[in-house]
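Structural description and commentary
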Number of protein chains: 2
Amino acid sequence: MSSNIKDVARHAAVSISTVSRVMNMPDKVAKETRDKVLNAIRELNYMPNALARGLIFKRTKSLGVLIPDISNMFYSEMLHGMEAAAHDQNYNLILCNTDNNKTRMMESLSVLKEKQIDGLIFTSEPIYPDYHELFLKLQIPIVLAATHSLEYDLPSVKVNDEQASYDATEYLIKNGHRQIGMICGSITDQVTAMPRLQGFLRALKVHQMEADMEKLVEFGSYKFEDGYHAMHKLLEKYPDITAVFAAGDERALGAISYLHEKGKSVPEDISVIGFDNLRLSQMSIPKLTTVGQPLYEIGYLAVEKLDHLIQKEHVPELRTYVDHQIVERQSVKMRNHESV
Amino acid sequence: MSSNIKDVARHAAVSISTVSRVMNMPDKVAKETRDKVLNAIRELNYMPNALARGLIFKRTKSLGVLIPDISNMFYSEMLHGMEAAAHDQNYNLILCNTDNNKTRMMESLSVLKEKQIDGLIFTSEPIYPDYHELFLKLQIPIVLAATHSLEYDLPSVKVNDEQASYDATEYLIKNGHRQIGMICGSITDQVTAMPRLQGFLRALKVHQMEADMEKLVEFGSYKFEDGYHAMHKLLEKYPDITAVFAAGDERALGAISYLHEKGKSVPEDISVIGFDNLRLSQMSIPKLTTVGQPLYEIGYLAVEKLDHLIQKEHVPELRTYVDHQIVERQSVKMRNHESV
DNA sequence: CTGAAAGCGCTTACAG
DNA sequence: CTGAAAGCGCTTACAG
């Protein structure tokens, strides 16, 4: 059905070497011959088989992307950036959803290796020892996006979560808040939740405030419902709270939703600051003040870095930390200091 | 660096044919030989090269996916379903963001073809004649997801937009609303916006209500801001409106946001119903009543259908229409009939 | 049950 | 400037 290089050669009455040459080094072919071949290519709708080329070049111009949950806006925005960079560098992305399932992640990685991807983007999740072992075994260039590893020397691109968290908390403090709670990810998450918790606590200490984790912090997963329930518990154990730092926009919206149901107005009664600056943080009522991390850019940079690693076999900067910023919207209220 | 079939053969002291056989038809190999080979494979960390196999089998177990905007929740949710089905059927997904750009879409399709994908999922967007021409030329099995084509015989999976829209509108009517406006996609969009508009108008007529498009409908893109502005204009030309059907959840949130700013309460003053049932429709205040389409399922079914098409070279049902449903939440208020 | 050979669709030294 | 040959890493008739 699809024509191959032999068909073209026959049609143009030349050898397949010549056809190959007009595709790869056209100036080494006489103009007349070249035109003959070009015509044959056009008439037969010939397209070279990338598998055959990949076999020879040992390069497929395909990158693997491992993502826990594509339908999560956090990842889809990063993925968007990755795709843009991939397109700019002439790569394609092979996408695997891992569902946060170790087995599935390791299986996916194996088939990606068999498919001869040039490199891999690995997102979130910590790098477990068996992951690292597999990485070594597979010998694939890897860049981590929105995660990093302190144990292993793996290139990565992410935000400084501890500092971002510190800044979010300090922002609340500078707005006059003295009773601040936090809704945090699972404490077992060393990559994201832990540093955010530390940044929160550090800001409290620096400003000479009570930093009692038991009282001030609720833990839970990143979803809306988790934020909702965490807010419930937080309010129970700390009723005179004036602000909460929800380390994740979806959690923040869940918290706002709970407060709304309880007749507490945001930000009049209680202020809320989120984390991520997902698109949905602009769509809520009130619009969510949040610490923004450049997800698209993280994805874009990760692929650029991977490309560099593939081409030069090293990377200019192992761990890249991109800037975050406080995105001021409407969910945090400035309190009078007297009222403290 | 990575070992190949020759290395394994050497290591196990057999021919490469035998190695190949233990991978493809193990029972045709003597147990003793098989174990020798299996051991060699393990010791060398051998993984077969899928390019070489693909070249022979003329099958890559890779599918192309063309998506206008991955960071749009609408697509990322469908993509999630596609990935799940792909995983279940042992495919990988090669993802291309087209940015709604015809050139980019056609270029992407060409490289996917060169990479020998077994099939393609094409989402949204109408099928222009040049698209169809390219499809024919490329000879790739194709399934349309969340779009369809009436002009061409292409397999598709989507919701019945006209009926869904009719149902949404009738739902408002049954809740006592008589002054209903609509926020609709661009009228040039024959695939989605047009049928939704028709469903809206049909419901009004069936219920003997005024169906004046000029007065009742505002057009715009799908984003939050577009919904916001459309609501503004709609309210200006139709101030005594009691309900609006926003054909898209993001639009609906934009509309709610505008109403909120103008001091109109939803649903007390004005009711809003959306379309899609994206995850964010559960996160707003008030939670959005909407007509749900099963995005994950559409993605899943599209890939299943594509697999069927690839294997049997036909499809049991050309155009599949999946069920929609009204998801009742808090943004629509029941009005007394006296007040009409 | 096992191996040598041809072939999948290309590219690239090597001759000429 | 052009072609024949070898080779990328596999699979599968074909012999034996």
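About the cut-offs
- Residues numbered from 1 in each chain as written.
- Chains lettered and ligands numbered in written order.
- Predicted model: local features only at pLDDT ≥ 70, side-chain atom pairs only at ≥ 80, totals over all residues.
- Heavy atoms only, no water.
- Phe/Tyr/Trp six-rings, centres within 6.5 Å; stacked < 30°, edge-to-face > 60°.
- Buried < 20%, exposed > 50% of the residue type's maximum accessible area, 1.4 Å probe, protein only.
- Lys NZ or Arg CZ within 6 Å of the ring centre and 35° of its normal.
- Helix = DSSP H or I, 4+ residues; strand = E, 2+ residues; numbered from the N terminus.
- Lys, Arg positive; Asp, Glu negative; His and termini not counted.
- Salt bridge = Lys/Arg side-chain N within 4 Å of Asp/Glu carboxyl O.
- Polar contact = N/O pair within 3.5 Å; in protein donor to acceptor, adjacent residues only side chain to side chain.
- Contact = heavy atoms within 4.5 Å.
- Pairing = 2+ DSSP bridges.
- Axes fitted to C-alpha atoms, helices over the stretch in contact; angles between N-to-C directions.
- UniProt positions renumbered as here; feature names shortened; annotations may be inferred.
- Near = heavy atom within 4 Å.
- Parallel < 35°, antiparallel > 145°, perpendicular 65-115°, else oblique.
- Left-handed = near helix turned anticlockwise from the far one by under 90°.
- Nonpolar A, V, L, I, M, F, W, Y, C, P; charged D, E, K, R; others polar.
- Core = buried A, V, L, I, M, F, W, Y, C linked by side-chain atoms within 4.5 Å.
- Least-squares fit on C-alpha atoms with pLDDT ≥ 70 in both.

1. Re the packing of aromatic side chains
Tallying each qualifying case throughout the model produces 13 aromatic pairs over all chains. Ring centres 5.1 Å apart and planes at 85° place the aromatic pair A:Phe74 and A:Tyr75 in the edge-to-face group. The class for A:Phe74 is buried, based on a relative accessible area of 11%. Linked through ring pairs, A:Phe122, A:Tyr128, A:Tyr131 and A:Phe135 together constitute an aromatic cluster. Cation over ring: B:Lys61 sits above B:Tyr91, and NZ or CZ is 3.9 Å from the ring centre.

2. Some words on the side chain of A:Asp276
All names here are of chain A. Here Asp-276 is to be found in strand E9 (residues 271-276). This buried residue, Asp-276, is left without a salt bridge; Arg-196 holds the nearest opposite charge, at 4.1 Å. At a separation of 2.9 Å, a polar atom in the side chain of Asp-276 contacts the side chain of Gln-293. What Asp-276 contacts, discounting residues up to four positions off in sequence, is Phe-74, Arg-196, Gly-248, Asp-249, Thr-290, Val-291, Gly-292, Gln-293 and Leu-295.

3. Examining the sheet that holds strand E7 (residues 217-219) of chain A
Residues and elements named next belong to chain A. Taken together, 6 strands build an open sheet; the order of strands is E7-E6-E8-E9-E10-E12 and the sheet is mixed. The sheet terminates laterally at E7 and strand E12 (325-327), the two strands that pair on one side only. Put simply, the sheet's adjacent strands are angled 20° from each other on average, direction ignored. With 3 bridges joining them, strand E6 (residues 180-184) and E7 adopt parallel strand pairing. Of the residues in E7, the one forming a bridge with Cys-184 is Phe-219.

4. Some points on the UniProt feature "domain: HTH lacI-type" (unreviewed entry) in chain A
When the UniProt feature table is mapped to this numbering, "domain: HTH lacI-type" (unreviewed entry) covers residues 3-57 of chain A. The span residues 3-57 of chain A shows a helical share of 71% and a strand share of 0%, and its end C-alpha atoms are spaced 21 Å apart.

5. Let's talk about the protein's contact with DNA strand D
Around DNA strand D there are 29 residues in total, and A:Thr18, A:Arg21, A:Thr33, B:Ile5 and B:Ser20 lie nearest to it. Backbone atoms, meaning sugar and phosphate, form 64% of the atoms of DNA strand D found within 4 Å of the protein. One nitrogen or oxygen atom from the side chain of A:Thr18 is found 2.6 Å from a phosphate oxygen belonging to DNA strand D. Note that a phosphate oxygen of DNA strand D is positioned 2.8 Å from one of the side-chain N or O atoms of B:Arg53. When residues of the surface near DNA strand D are traced back to their parent elements, those giving at least two are helix H2 (16-24) and helix H4 (50-57) of chain A together with helix H1 (5-12), helix H2 (16-24) and helix H4 (50-57) of chain B.

6. Description of the packing of helix H8 (residues 161-174) of chain A against helix H9 (residues 193-206) of chain A
All names here are of chain A. At a minimum axis distance of 7 Å, the contact between H8 and H9 shows a crossing angle of 40°. Judged by the angle between their axes, H8 and H9 are oblique. As H8 packs across H9, the resulting crossing turns out to be right-handed. Judged by residue contacts, Asp-161, Glu-162, Gln-163, Ser-165, Tyr-166, Thr-169, Glu-170 and Ile-173 of H8 engage Pro-195, Arg-196, Gln-198, Gly-199, Phe-200, Arg-202, Ala-203, Leu-204 and Val-206 from H9.

7. Some remarks on the protein's contact with DNA strand C
Near DNA strand C lie 29 residues; those nearest to it are A:Ile5, A:Ser20, B:Thr18, B:Arg21 and B:Thr33. B:Ser15 places a polar main-chain atom, nitrogen or oxygen, 3.0 Å from a phosphate oxygen of DNA strand C. Side-chain polar atom of B:Arg21 to a base oxygen of DNA strand C: 2.3 Å apart, as the coordinates give it. Looking at the surface near DNA strand C, the elements with two or more residues in it are helix H1 (5-12), H2 and H4 of chain A together with H2 and H4 of chain B. In terms of residue count, H2(A) provides more of the surface near DNA strand C than any other element does, 5 residues in total. For the surface near DNA strand C, the per-class residue count stands at 14 nonpolar, 9 polar and 6 charged.

8. With respect to the pattern of salt bridges
Applying the stated criterion to the full structure yields 28 salt bridges over all chains. Close ionic contact of A:Asp35 with A:Lys31 constitutes a salt bridge, the shortest N to O distance being 2.7 Å. With A:Asp35 and A:Lys31 both in helix H3 (residues 31-44), this residue pair falls 4 residues apart, about one helical turn. Under the relative-accessibility criterion, A:Asp35 is labelled partly exposed at 30%. The class for A:Lys31 is exposed, based on a relative accessible area of 53%. In this structure, a network of salt bridges that share partners links the residues A:Glu83, B:Asp99 and B:Arg104.

9. With respect to the nonpolar core
Among the nonpolar cores identified, the biggest contains 158 residues, and A:Leu79, A:Phe245, B:Leu79 and B:Phe245 are the most heavily contacted of them. Those residues within four positions of A:Phe245 in sequence are excluded, and the remaining contacts are A:Ser165, A:Ala168, A:Thr169, A:Leu172, A:Gly181, A:Met182, A:Ile183, A:Phe200, A:Ile273, A:Gly274, A:Phe275 and A:Val291. Core analysis: the next-biggest nonpolar cluster, separate from the first, contains 39 residues, A:Leu66, A:Leu109, B:Leu66 and B:Cys96 among them.

10. Points about the relation of the copies chain B and chain A
Both copies of the chain are placed relative to one another by a rotation about an axis and a shift along it. Expressed as a screw operation, the relation of chain B to chain A combines 0.0 Å of axial shift with a rotation of 180°, fitting to an RMSD of 0.0 Å. The relationship between the two copies is best expressed as a two-fold rotation axis. Among all residues of chain B, the one whose C-alpha sits closest to the rotation axis is B:Ile94, at a distance of 2.2 Å. In this assembly, 100% of the residues forming the interface of chain B have copies in chain A that are likewise at the interface, indicating an isologous arrangement.

11. Describing H4(B)
Between the side-chain oxygen of the N-cap and the backbone nitrogen of B:Leu51 there are 2.7 Å, and the N-cap of H4(B) in question is B:Asn49. One or two positions beyond H4(B), positive phi appears at B:Lys58, with a value near 55°.

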